[in-house]
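# Reading the structure
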Amino acid sequence: MAWYWRYEDANGDPMTVEAVPSETFTSQADAESWLGETWRELLEAGVESVSLLEGDRVEYARMSLRPA
């Protein structure tokens, strides 16, 4: 199964971001590394949170992109 990030708006609803295309990854570690490199671009494009999925299974949900 492929890993991917679901981009979410402030209400937690899924969204599409043309500025940062969706990517799929062969491992959770690859997906997490990619997010570590691109979270600022996603935030600038209007993404407020992300969820990590492997196929249809949610590994973790609604992780905020805002710095703590």
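Refer to the structure printed above.
These notes cover the structure that comes with them. Every value quoted in this text rests on a predicted model; they were computed, and no experiment measured them.

Here the structure, examined in full by the defined rule, presents 2 aromatic pairs. Where F25 meets W34, the ring centres are 5.6 Å apart and the plane angle is 50 degrees; that geometry is what we call tilted. Of the two residues, F25 and W34, both sit in the buried class.

Let us now look at the environment of Q28. As for its position among the elements, Q28 is in helix α1 (residues 28–44). Considering only alpha carbons, one finds Q28 and L52, 24 residues apart in sequence, at a separation of 8.4 Å. Aside from chain neighbours lying at most four places away, what touches Q28 is W3, L52, E59 and Y60.

Here we come to the pattern of salt bridges. Pairing between side chains of opposite charge can happen when their charged atoms approach one another. Taken as a whole and assessed by the stated rule, the structure comprises 4 salt bridges. The closest approach of N and O atoms between R6 and E8, which form a salt bridge, is 3.1 Å. Of the residues examined, R6 reaches a relative accessible area of 28% and is grouped as partly exposed. Where E48 meets R66, a salt bridge forms, and the shortest distance between an N and an O atom there is 2.8 Å.

The rules behind the values
- Residues numbered from 1 in each chain as written.
- Predicted model: local features only at pLDDT ≥ 70, side-chain atom pairs only at ≥ 80, totals over all residues.
- Heavy atoms only, no water.
- Phe/Tyr/Trp six-rings, centres within 6.5 Å; stacked < 30°, edge-to-face > 60°.
- Buried < 20%, exposed > 50% of the residue type's maximum accessible area, 1.4 Å probe, protein only.
- Helix = DSSP H or I, 4+ residues; strand = E, 2+ residues; numbered from the N terminus.
- Contact = heavy atoms within 4.5 Å.
- Salt bridge = Lys/Arg side-chain N within 4 Å of Asp/Glu carboxyl O.

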